[in-house]
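Here is how the chains run, residue by residue.
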Amino acid sequence: MSDSSQTLTLLAPVAGVVVPLSAVPDPVFAGQALGEGIALDPLGECLHAPCDGEVVQCARTHHALTLKTAAGVELLLHLGLDTVELQGQGIEPLVAVGDRVRAGDPLCRFDADALARGASALITPLVITEAAGWRLREPSLAAGVRVALGEPLLVLEAAVAECHKTVAGGPEAERRLTLALAAGLHARPAARLRAIAREHGVSLTLDHEGADSPSASASADSLSALMNLGLTEGAALRLTARGEHAEAALDDAEALLTTPEAEPHPAPKPQATPNEALGEALGEVLEEGELAGLVASPGLALGPLVHYRPPLPTVSHDGEGEVVEAPRLTQALARVGEALARDEAEATRSGQTAEAEIFAAHGAWLADPDLVAAAGERLRAGRGAGQAWREALDAEAERLEATGNALLAARVADLRDLQRRVMAELSDAAEAALPEFPEGALLVAEELTPSELVAVAARRPAGLCLAGGGTTSHVAILARARGIPCLVAMGPALLAALDDVPSEAAILDAERGRLVPAPSEARVAEVAARIAARRREAEAARAAAFEPAITRDGREVEVCANIGGAEEARLAAEAGADGVGLLRSEFLFLERDSAPDEATQRGEYQAALAALGGKPVIIRTLDIGADKQLPYLRLPAVPNPALGVRGARLWASHPELLETQLRALLGVTRLDALHIMLPMVSEAGELRQVRQRLEAIASEMGLEVRPRLGAMIEVPSAALCAASLAAEADFLSIGTNDLTQYTLAMDREDPALTARADVLHPAVLWLIQATVEGAKGRCPVGVCGAAAGDDLAAPLLVALGVDELSVEPARVPAVKAALRRLDAAALAAELPELLALDDAAAVRERLTAWLARADATPDTTTTTTLERC
Ligand code: PEP
Ligand code: MG
């Protein structure tokens, strides 16, 4: 190797014929999954070092080794294709790990005849697996050119050589941690880990410490390898990153792996873990003919059972040879990858974050080198591209199922989805139509893939019963988001039941985890009556959704909607919302490379105001920090981000963000309807400063009308000083999610504390009461945290004196209906007793009983007391 300070030249390790890497009949090499490089069809029988370096890795089966140069560049020499199968036969290693070699030194001898008989090809790729800041010059040798041993083959240029010269390939850093993801290292965090490695340009390896199997280590490049580790919550891990930004990458990876996920659509609480829940369900006595399952999405449904079995797209079993089929597969994968990226962008744009994350994970999984390699093996065995992909994914699905690990098994549907999508790309037959089924059917299936669920949901099934799957699967998340009752993990008995019983009217009780395939007439009638009553209530609520919510004792309460952007503003208006109580403007800042400019922001705000046609719209200024991060706003890592610079505190360090946002807001044409709200305010001074800035910009812009300015009450100090805040504010809105977290010192993201971080804790209620008292006579108070839409908490909040509740758009009609049944004054009379209770559980119990009694005695609730409950 010539090693001037600016170039590295790699010499031919063997005499041979040049094969461009893209023409190597193995998608892993051809797709450059391992890196750029070149290949030779060897004419000699000994591989030599293409440069000076250290042997850092030798395959146990001797067919591959990696050299690392002093500059940190790593080169993989892979003798032949599929030579791993030979288990070292015909290959004689001449070096071992740790040996230092000079360019031209022999590395291994091989018996070309023996290899040619046992392997699929002798073509030997030379791949730069770690460029360490060097850049490969376009190879000058054309395909088919014959080179002699030691002839210059490739040249690398020192793209960022100055920094790498001193650090010999970039630093390596290591970190040990404990996995805190309740669902284990599943596809979405695995995909994120891979993205972190790429964003920082590092190679990242994850070792499962304490596990002694050789597969206990995985590169972040491979989603399958990461998931194959089968890591569950609490696993001890070692992360090793190599590259210039190793430490930064480890910071992000550590944050990812040690921060419990906030599931966007939490699983129903009683089903703590799939196994526990199923155990409990099965432990209960099942009535004759009933089947148990895990509740993936709660609800009650009645309908005919229909077996849903969409056929796989037809593909040809045998191929036209690897040289033809490999590029076909590569192109099909690329097309599906592009489609997934489009789906992800579309889902993100329309605020469907659950879908967007799923598409992102599928996209990452599609590029998994292990899956591609498994398909490559089948291509070499003569399969067509579609068949090779089908078999590779069948094998992976079987492997996941055989682990017995519910979390891994829950990913099988995702694999099936990818299987179907890629096969459809490779199928000549017109796309098979999805099987028909009547609206209102209870669909029974082995599995459903996420895309199938989306397609099926459009035809309005009454419910879903799946033999496989889990409550944490993507299908479960999607079913919950759509309100379709769904049971999973019902086992093979489910499909057998279909053969045994007439399927006219089965009962799906996805509250108790039961399917009753052949219920008695009396039971059908009873369930039908329950469903009809619920439907009537929902319809009545919808019919009255545009009427004001006035309590029995005559208090009018505004019921507004929480939205993420203009798209949802339309939903809010359609649902009968009296306005928008919270537009989380940070959604507009997500999924971008940089903050949206003034014009983009103004367009979004304007559209939201227009959708509400003059009703009030509260737009919250950017609320970033702690659990909400922007990739392009790298906030310094601090020990306790929830107590750090976040929300309104950010303006001191990033004034330009506020400035642009205020200008965008003041640029809208409905300033009379616009309300601007500041998040995470802890004292009146913060509000004063923003008002001054708002005033200055408004004068500069020559505006006559001023929008209203308000503050969120999310921390105890704001609640306790509500009077001084109310003196500065035009309105206050209580963020009960954060107020609960900060009052109880219980992280809202910590699944271990979910059940206890309850807004009905008397301490939180005292602070809400203090806020209402402080604001009395000064400004109105609303609630925009999740409590506003909670069946129990909403009436209590109104009894505490709040003027407005802001809830999910779809909840507006039901919340209005519930308030119309409420005697707020009667409940207010119970407050001293409720607030004197010990804990949230006690408040819940009393309140449930009080409300049940009040509902049951419509005209006499004003005299109901807690004692009578
Ligand atoms: C809250 O904290 O209650 C709130 C509405 O804000 P977010 O959930 O966006 O933090
Ligand atoms: Mg908040």
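Going by the annotation in an unreviewed UniProt entry, the name recorded for the chain is phosphoenolpyruvate--protein phosphotransferase, with Halomonas salipaludis given as the source organism. The UniProt entry for the chain carries the following comment under Subcellular location (unreviewed entry): "Cytoplasm". The Catalytic activity (unreviewed entry) comment attached to the chain in UniProt states, word for word, "L-histidyl-[protein] + phosphoenolpyruvate = N(pros)-phospho-L-histidyl-[protein] + pyruvate".

Here the focus is the side chain of Gln-741. Within the secondary structure, Gln-741 is located in helix H25 (residues 736–744). When neighbours within four sequence positions are excluded, Gln-741 is seen to be in contact with Arg-646, Met-746, Asp-747 and Arg-748.

So, about the pairing of strand S15 (residues 172–178). The two faces of S15 differ: Ala-173, Arg-175 and Leu-177 on one face are buried, but Glu-172, Glu-174, Arg-176 and Thr-178 on the other face are not. Two strands pair when backbone bridges link them, and S15 and strand S18 (residues 236–242) are joined in this way by 7 bridges, in the antiparallel orientation. Across the sheet, the residue bridging to Ala-173 is Ala-241, located in S18.

Okay, the sheet that holds strand S4 (residues 46–48) next. Ordered in space as S4-S10-S8, the 3 strands form an open sheet in which the pairing is antiparallel. At either end of the open sheet lies a strand with only one pairing partner, and these are S4 and strand S8 (91–93). Across the sheet, the mean angle from the axis of one strand to that of its neighbour is 20°, orientation sign disregarded. As paired strands, S4 and strand S10 (residues 106–110) are joined by 3 bridges and run antiparallel to one another. Counterpart to Cys-46 in the pairing with S10 is Arg-109.

Chain-level statistics for the chain give a pLDDT mean of 84 and a share of 88% at 70 or above. Here residues 160–168 is modelled with pLDDT under 50, and outside its nearest four sequence neighbours on either side it reaches 15 contacts, counting other chains as well. The model gives residues 263–284 a pLDDT under 50, and that stretch makes 33 contacts with residues more than four places away or in other chains.

Okay, unusual backbone geometry next. Positive phi is not limited to glycine here, since Ala-489 has a value of about 55°. We note that Met-680 has phi near 50°; this positive angle belongs to a residue other than glycine. Relative to the elements of secondary structure, Met-680 occurs in the loop between strand S32 (674–678) and helix H22 (684–700).

Time to look at the pattern of salt bridges. When the charged atoms of two side chains with opposite charge come close together, those side chains can pair. Summed over all chains, the structure comprises 50 salt bridges. A salt bridge links Arg-663 to Glu-700; its shortest N-O distance comes to 3.0 Å. In this pair, Arg-663 sits in helix H21 (residues 655–666) while Glu-700 sits in helix H22, placing the two residues 37 residues apart along the sequence. Take Glu-700: its relative accessible area is 55%, and that puts it in the exposed class. Between Asp-791 and Arg-811 there is a salt bridge, and its shortest N-O distance comes to 2.9 Å. Here Asp-791, found in the loop between strand S35 (781–783) and helix H27 (793–800), pairs with Arg-811, found in the loop between strand S36 (804–807) and helix H28 (812–820); they are 20 residues apart in sequence, far enough to count as distant. Owing to a relative accessible area of 60%, Asp-791 belongs among the exposed residues under this scheme.

Let us now look at the coordination of the magnesium ion (ligand 2). Summarising the metal site, the magnesium ion (ligand 2) is bound by the protein donors Glu-714 (OE) and Asp-738 (OD), whose distances to it range over 2.0 Å. Pair noted here: Glu-714 is in the loop between strand S33 (708–713) and helix H23 (716–720) and Asp-738 is in helix H25, with a separation of 24 residues, a long-range link. Judged by relative accessible area, which is 1%, Asp-738 ranks as buried.

Two modes of strand pairing occur in sheets, parallel and antiparallel, and in both the strands are linked by backbone hydrogen bonds. Pairing is antiparallel across the open sheet formed by 3 strands, whose spatial order is S1-S14-S12. Each of the sheet's edge strands pairs with one partner strand only, and the pair in question is strand S1 (7–11) and strand S12 (135–136). Examined bridge by bridge, S12 and strand S14 (residues 152–157) share 2 bridges and lie antiparallel to one another. Opposite Leu-136, over in S14, you have Leu-156 as the bridge partner.

This part covers the site of ligand 1. Taken together, 14 residues surround ligand 1, and among them Arg-584, Arg-620, Lys-628, Asn-737 and Arg-748 come closest. Contact between ligand 1 and Glu-714: an oxygen atom at 3.0 Å from a side-chain N or O atom of the residue. Contact between ligand 1 and Gly-735: an oxygen atom at 3.4 Å from a main-chain N or O atom of the residue. Relative to its unbound accessible area of 290 Å², ligand 1 is 99% covered by the protein chains.

Ranked by internal contacts, the top residues of the largest apolar core, which has 103 residues, are Leu-732, Leu-760, Leu-796 and Leu-805. When residues in this core are grouped by element, the largest group, 7 residues, is from H27. Leaving out residues up to four positions away in the same chain, Leu-796 has contacts with Leu-760, Leu-765, Leu-827, Leu-831, Leu-834, Val-843 and Leu-847. Counting 61 residues, the second-largest nonpolar core is a separate cluster that includes Ala-235, Leu-340, Leu-366 and Trp-389.

Further remarks concern the packing of helix H10 (residues 369–380) against helix H11 (residues 385–402). At a closest axis distance of 8 Å, the pairing of H10 and H11 adopts a crossing angle of 125°. Judged on the interaxial angle alone, H11 and H10 are oblique. Crossing geometry of H10 relative to H11 is assigned as right-handed. Seen from H10, the contacting residues are Leu-371, Ala-374, Ala-375, Arg-378 and Leu-379; seen from H11, they are Ala-385, Ala-388, Trp-389, Glu-391, Ala-392, Leu-393, Ala-395 and Glu-396.

Right, let's get into H27. Counted residue by residue, H27 has 8 buried out of 8 residues, so it is predominantly covered. Looking at H27, one finds that the buried residues are Ala-793, Ala-794, Pro-795, Leu-796, Leu-797, Val-798, Ala-799 and Leu-800. Count one or two residues on from H27 and you reach Gly-801, which has phi positive near 110°.

Here is what the cut-offs are and how they apply
Residues numbered from 1 in each chain as written. Chains lettered and ligands numbered in written order. Predicted model: local features only at pLDDT ≥ 70, side-chain atom pairs only at ≥ 80, totals over all residues. Heavy atoms only, no water. UniProt positions renumbered as here; feature names shortened; annotations may be inferred. Helix = DSSP H or I, 4+ residues; strand = E, 2+ residues; numbered from the N terminus. Contact = heavy atoms within 4.5 Å. Buried < 20%, exposed > 50% of the residue type's maximum accessible area, 1.4 Å probe, protein only. Pairing = 2+ DSSP bridges. Axes fitted to C-alpha atoms, helices over the stretch in contact; angles between N-to-C directions. pLDDT = per-residue confidence, 0-100. Salt bridge = Lys/Arg side-chain N within 4 Å of Asp/Glu carboxyl O. Donors = N, O, S within 2.8 Å, 3.2 Å for Na, K, Ca; no water. Near = heavy atom within 4 Å. Polar contact = N/O pair within 3.5 Å; in protein donor to acceptor, adjacent residues only side chain to side chain. Areas by Shrake-Rupley, 256 points an atom, 1.4 Å probe, with all protein chains shown as cover. Core = buried A, V, L, I, M, F, W, Y, C linked by side-chain atoms within 4.5 Å. Parallel < 35°, antiparallel > 145°, perpendicular 65-115°, else oblique. Left-handed = near helix turned anticlockwise from the far one by under 90°.

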